[in-house]
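The primary structure of each chain is shown beneath.
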Amino acid sequence: EAEAAAAAAAAEAAAAEAARIEAEQAKKAAAANPFGGLFGGFGGFGAPSAPAAKPAAKAATSEVEVDEKELRQLMMKSQRDEIKGYSLAGGKSAVPSKAPPKPAAQPRAPAPISGVKITQIRRGDGINYPQPGDVCTVHYVGKLRATKQVFDSSIKRGPPFTFQVGTGQVIRGWDEGVLQMSLGEKAQLVISPEFGYGATGQGPIPPNA
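Residues numbered from 1 in each chain as written. Predicted model: local features only at pLDDT ≥ 70, side-chain atom pairs only at ≥ 80, totals over all residues. Heavy atoms only, no water.

Student: Tell me about a positive patch on the surface, and name the residues and values.
Tutor: On the surface, a cluster of positive charge is made up of K117, K143, R145 and K148. Structurally, the position occupied by R145 is in the loop between strand 6 (141-143) and strand 7 (150-153). (Patch = residues over 30% accessible without salt bridge, like charges linked within 9 Å, V, L, I, M, F, W, Y side chains within 5 Å. Areas by Shrake-Rupley, 256 points an atom, 1.4 Å probe, with all protein chains shown as cover. Salt bridge = Lys/Arg side-chain N within 4 Å of Asp/Glu carboxyl O. Lys, Arg positive; Asp, Glu negative; His and termini not counted. Charge placed at Lys NZ, Arg CZ, Asp CG, Glu CD. Helix = DSSP H or I, 4+ residues; strand = E, 2+ residues; numbered from the N terminus.)

Dropping the structure here:
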C-alpha cells in the first residue's frame, strides 16, 4: 500500500509538472501572438497583408498612337502626301515642317515733303502703303483754298478715280501725297502751286492756286 501511495504521488507530481510546463508554453505562445488564443491567428489567414499598389494611371494625352502602316493608309485615303513630321515619300522626319512664312509688311510711307501738307481725317491700316507704279482707287473733292470753291469731285460724278501713283499721271501733289497714305485712310491734302497747276493754272483753277 505504501508503494502504491508513493507511485500515485509521483504520478500526480509528474502530471503537475507537465501541466506547469504546458501552461508556460501556452503563456509564451500567447505573448508572441496575443490574438492566437482567441481568434486562432485570424482563422488561419495570418497577418493582413498590405493592399496591393494600384498601377500608376497613364498620363492623359490628346495624341493617338498609330503605327506607320496605319498612318500611311490614312494619308492615302485622305489623298495627302505629307503631314507635319511625316511624308509618304520620305517617311518620318525629325525636323517638323516649317510654318508658311508670314507676308512681309509693305514699306513705310516716305517722309513728308514741303509741297504737300497732309491732315489725317480717318486712319488707315498703317501697314499697306502704295509704292510708285501701284494702281490706286480713290474718291476725292477738289477745292480752291482761297474761296473754298469746289472745282472737281469724284463723289459727285459717282465712280471713284483710278490712277497709277508716282508716274506723273496726276499732279505732283497727288503723286507725293497719296504715297504717304495707308490703305483706307482719309486725309486732306493742301497742295502748293508748285506741286499743283503752277503759274499758269488750268480751267477753273487760277494761276498760283
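Student: Tell me about the packing of aromatic side chains, and name the residues and values.
Tutor: This model, assessed by the stated rule, comprises 5 aromatic pairs. On the basis of an interplanar angle of 55° and a centroid distance of 5.5 Å, the ring pair of F163 and W174 is categorised as tilted. With F163 in strand 8 (residues 161-164) and W174 in helix 5 (residues 172-178), this residue pair connects regions lying 11 residues apart in the sequence. Each member of the pair, F163 as well as W174, is classed as buried. Taken together, the ring pairs in this structure connect Y140, F161, F163 and W174 into an aromatic cluster. (Phe/Tyr/Trp six-rings, centres within 6.5 Å; stacked < 30°, edge-to-face > 60°. Buried < 20%, exposed > 50% of the residue type's maximum accessible area, 1.4 Å probe, protein only.)

Student: Break down the side chain of S154 for me, with residues and values.
Tutor: Mapped onto the elements of the fold, S154 is located in helix 4 (residues 154-157). Taking relative accessible area as the criterion, S154 reaches 0% and is therefore assigned buried. For S154, the side chain forms a polar contact with the side chain of H139, separated by 2.9 Å. Setting aside anything within four residues of it in sequence, one finds S154 in contact with V138, H139, Y140, P159 and F161. (Polar contact = N/O pair within 3.5 Å; in protein donor to acceptor, adjacent residues only side chain to side chain. Contact = heavy atoms within 4.5 Å.)

Student: Before we move on, can you summarise the environment of R157 with the specific residues and values?
Tutor: Tracing the chain through its elements places R157 in helix 4. Residue R157 is classed as partly exposed on the basis of its relative accessible area, which comes to 49%. Setting aside its immediate chain neighbours within four residues, R157 contacts Y140 and D152. Among the polar contacts made by the side chain of R157, one reaches the side chain of D152 at a distance of 2.6 Å.

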